Protein chains: 4
Amino acid sequence: MNDPIETLTSLFEKFPGIGPRQAGRFVQFLLRSPASVRRELAEAVQALSASVHQCIECMRFHSEKGKACGICSNKNREASLLAVVASDADLTALERSGTYSGHYFVLGGTISLASEKASGLRVKQLLDSVPARVKNGMNEVILAFPATPEGDATATHVREKLAEIPTITVSSLGRGLSTGSELEYADPETIKSALESRR
Amino acid sequence: MNDPIETLTSLFEKFPGIGPRQAGRFVQFLLRSPASVRRELAEAVQALSASVHQCIECMRFHSEKGKACGICSNKNREASLLAVVASDADLTALERSGTYSGHYFVLGGTISLASEKASGLRVKQLLDSVPARVKNGMNEVILAFPATPEGDATATHVREKLAEIPTITVSSLGRGLSTGSELEYADPETIKSALESRR
Amino acid sequence: MNDPIETLTSLFEKFPGIGPRQAGRFVQFLLRSPASVRRELAEAVQALSASVHQCIECMRFHSEKGKACGICSNKNREASLLAVVASDADLTALERSGTYSGHYFVLGGTISLASEKASGLRVKQLLDSVPARVKNGMNEVILAFPATPEGDATATHVREKLAEIPTITVSSLGRGLSTGSELEYADPETIKSALESRR
Amino acid sequence: MNDPIETLTSLFEKFPGIGPRQAGRFVQFLLRSPASVRRELAEAVQALSASVHQCIECMRFHSEKGKACGICSNKNREASLLAVVASDADLTALERSGTYSGHYFVLGGTISLASEKASGLRVKQLLDSVPARVKNGMNEVILAFPATPEGDATATHVREKLAEIPTITVSSLGRGLSTGSELEYADPETIKSALESRR
């Protein structure tokens, strides 16, 4: 049998952004914690498998009753808008802003510029869901991707696929100065967008 | 007489962003440089006094012949637009973007939130210059300040002052995701602007 | 019942150095991982309780058979030397250096300068173990604490306690330039030690 | 004639650690400063040429009367010790520590590992000065180089050259934990030195 300290350290090393040193600290932290903390952690990890599932509409993970999550099943949300986001975290950021009340679809990532592949992204699932959404009143898809080369490549790809559906508008989040940006250090592209979207 | 090494070190310490250690390195660098480099530097510093002057129109520093700088005296620039910027560096950033062809006015800074004073800023000079600019065809003032609390306070202040002139539009640079921004880390204000200026 | 995503997020937030954002990423990572990974993690966490115990001699955590760990029960290690370290991680660092072959005692931390208390540290247990160790041939205690104010305070405290035992030498790790240190940025204390320990 | 703003910017860009952006800020800072500040700076730079010279003994730059600097001409300093340092800044660091009262020799840099050349270093001048220093009572040369690969290569080189002189001891600064070092993150070499120089 393996050393449980080493086994757990190597599991923590696979966590995003965690190297061997911090993985080791996590294990030491758990060793010094009461047994009840370790039990709670083990149970919470297992509970993910038992009670978390993907929403069949927006594809995000949730633990609510029902196949669709609370946002997708909320009749008060604007049916005319669909925001396509890369990840659950980006969906959360949009919700936190308190200014969007439409629906969501989580694509599951962005196109990697190394591979230029959209594999792993739920582009087909998005397209398949469009007819029913249009019937429901949807008339605008907002591509809410990060303002990075990967986000831009993903937007271009999704935009091409959606171009075949004539009844919907496809928009992208506006560019400009982010809160906190110094003009002096802004790139020409950002300044161009900020000038164009002045008001 | 003072030690010239110490005198020069303390002068370099007053340079923006330079602490005692780097000031000392500058002096060591000059000591190890040939005497011709020191002479060149001393002459270039003195030449600023002799040949650099402020443009009487936009207030930036330049070393061209004539009282107005090359941008202000360029008949091909759009006379209808006036961008008000905080500093020469921000003016340079806008020029570098290659998308602005109007005129400029350098305010000389932003309102400090500590003092909430606009003293030192050329607000009066800006207002005094407006009638002649309007006669020349100017109809929009673009407040091109950094997207910081100081920049916002300055915009509010200048906007109030300009409100009394009914024939001109006052606009501000658009907010949104800057190039490179992750949606996940964007603040609610930036997301709100990005949603509103989507297209 | 609570939301398992939130429960797990708040557990990860207690991990050393982990804020809410990274805790959320950990959960998303586990959600996207196969169920087998979650099961493995839960089991490894529980296995700590089942198979890890503290060495009765050096007090570090280990998962070997027997009450004493592999180092403490190794007859080939030098019985004359005892290194007192703050943590398991510091013990590991000394072992990794490959230059120490004596025994260890893990004190369990350093004195906090805020509280100036040595509570929680195993000073009494260390002192209690000394007579038997002396009988076994131990004649030097090496205080191997970090070169920080906390480490220094801990060394002073332990040194006072050990002063009553006349038959043993108490030493501390030597100070000097660490590998990679620039002389220019070294503090006077480090330079003093480096000069004194020159050779 | 060139634009004095650009000329001065490109001169500041040659300063150690200064890029085009900060060079531009320096020029803007000088433009906004009163003419008296620019005159003072120009004069201080020129004064370096006029009143700073290299000490004929230790080779550091100084502005004192006399060919030898204040340290080298100080009869109270210990004649038996000679610290060989890489730079004036390292000499200053040793002086600041208040624990060294011997003499100095500034080598003028360290061996670059890229070129593996000692060219530009005053090794020959150091060796030439040794007989007179020995006659004066010098019996130990302390190689006080940074604890970096470059510093180590320089020490090895100088040590080889000095090996031919049998009457002097050659020592190097001691290695160990620098003030503030955590044991956990220390490299094996540093731990080895710290263990060996324990006391």
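What you are looking at is a predicted structure, and each value in this text was computed from that prediction instead of being measured.

A. Representation of the relation of the copies chain A and chain B within the structure. For the match of chain A to chain B, the screw axis carries a shift of 0.0 Å, the RMSD comes to 0.1 Å, and the turn is 180°. Seen this way, the second copy is the image of the first under a two-fold rotation axis. When C-alpha positions in chain A are compared against the rotation axis, the closest is assigned to A:Gly176, at 2.1 Å. A high fraction, 98%, of the interface residues of chain A reappear at the interface in chain B, so the copies pair face to face through one surface.

B. View of the pairing of strand β6 (residues 169–172) of chain C. All names here are of chain C. Strand direction decides the pairing type here: strand β5 (residues 140–144) and β6, joined by four bridges, are parallel. Each bridged residue has a counterpart across the sheet, and for Ile142 the counterpart in β6 is Ser171. Handedness of the crossover joining β5 and β6 through helix α6 (residues 149–162): right-handed.

C. Molecular detail of the arrangement of the chains. With no contact between them, chain B and chain C keep their nearest C-alpha atoms 9 Å apart. The two units chain A and chain D remain apart, with a minimum C-alpha distance of 9 Å.

D. Layout of the domain arrangement of chain A. When its domains are assigned, chain A resolves into domain 1 (4–51) and domain 2 (76–196). A separation of 35 Å is found between the C-alpha centroids of domain 1 of chain A and domain 2 of chain A.

E. Local environment of helix α7 (residues 188–196) of chain B. Three or more residues of α7(B) are buried, namely B:Thr190, B:Ile191, B:Ser193, B:Ala194 and B:Leu195. Contacts from the buried residues of α7(B) go to α4 (88–97) of chain A.

F. Just the UniProt feature "domain: Toprim" (unreviewed entry) in chain A, in detail. Residues given the UniProt feature "domain: Toprim" (unreviewed entry) here are residues 80–178 of chain A. Taken end to end, residues 80–178 of chain A is 37% helix and 18% strand, and its first and last C-alpha atoms sit 27 Å apart.

G. Local environment of the interface of chain A and chain B. Listed per partner, the contact involves 42 residues of chain A and 41 residues of chain B. Going through the elements one at a time, α4, β5 (140–144), β6 (169–172) and α7 (188–196) of chain A are the ones with two or more residues in the side of chain A that touches chain B. For the side of chain A that touches chain B, the element with the highest residue contribution is α7(A), accounting for nine residues. By residue class, the composition of the side of chain A that touches chain B is 16 nonpolar, 15 polar and 11 charged.

H. Region of the structure containing unusual backbone geometry. Residues and elements named next belong to chain A. Of note, Met59 is a non-glycine position whose phi angle comes to about 75°, a positive value. Structurally, Met59 is set in the loop between β1 (53–54) and β2 (61–62). A tally of 21 C-beta atoms within 10 Å means that Met59 is categorised as buried.

I. Highlighting the relation of the copies chain D and chain B. Rotating chain D by 180° and translating it 0.0 Å along the rotation axis places it on chain B, where the RMSD comes to 0.1 Å. Mapped onto chain B, 100% of the interface residues of chain D again fall at the interface, so both copies present the same surface.

J. Fine view of the interface of chain D and chain B. Each partner contributes residues to the interface: chain D has 34 residues there, and chain B has 34 residues. Of all the secondary-structure elements, those providing two or more residues to the side of chain D that touches chain B are α1 (4–13), α2 (20–32), α3 (35–51) and α4 (88–97) of chain D. Per-element accounting of the side of chain D that touches chain B gives the leading share, 12 residues, to α3(D). Each residue belonging to the side of chain D that touches chain B can be placed in one class, and the counts come to 20 nonpolar, nine polar and five charged.

K. Representation of the sheet that holds strand β6 (residues 169–172) of chain B in the model. Residues and elements named next belong to chain B. The parallel open sheet is built from four strands, whose spatial order is β4-β3-β5-β6. Every other strand in the sheet has two partners, leaving β4 (103–106) and β6 as the edge strands with one partner each. When the angles between neighbouring strand axes are averaged without regard to direction, this sheet yields 25°. Pairing between strand β3 (residues 81–85) and β4: four bridges, direction parallel. Across the sheet, Leu82 pairs through a bridge with His103, a residue of β4.

L. Region of interest: the environment of B:Arg60. Residues and elements named next belong to chain B. For Arg60, the location among the structural elements is in the loop between β1 (53–54) and β2 (61–62). Of the residues examined, Arg60 has 22 C-beta atoms within 10 Å and is grouped as buried. Sequence spacing of Arg60 and Ser87 is 27 residues, and the spatial spacing of their C-alpha atoms is 8.0 Å.

Rules used in this analysis
- Residues numbered from 1 in each chain as written.
- Chains lettered and ligands numbered in written order.
- Predicted model: local features only at pLDDT ≥ 70, side-chain atom pairs only at ≥ 80, totals over all residues.
- Least-squares fit on C-alpha atoms with pLDDT ≥ 70 in both.
- Contact = placed C-beta atoms within 7 Å.
- Pairing = 2+ DSSP bridges.
- Helix = DSSP H or I, 4+ residues; strand = E, 2+ residues; numbered from the N terminus.
- Right-handed = clockwise from strand over helix to strand, strands pointing away.
- Domains from an automatic or database assignment.
- Buried ≥ 20, exposed ≤ 12 C-beta atoms within 10 Å, placed from the backbone.
- UniProt positions renumbered as here; feature names shortened; annotations may be inferred.
- Nonpolar A, V, L, I, M, F, W, Y, C, P; charged D, E, K, R; others polar.
- Axes fitted to C-alpha atoms, helices over the stretch in contact; angles between N-to-C directions.

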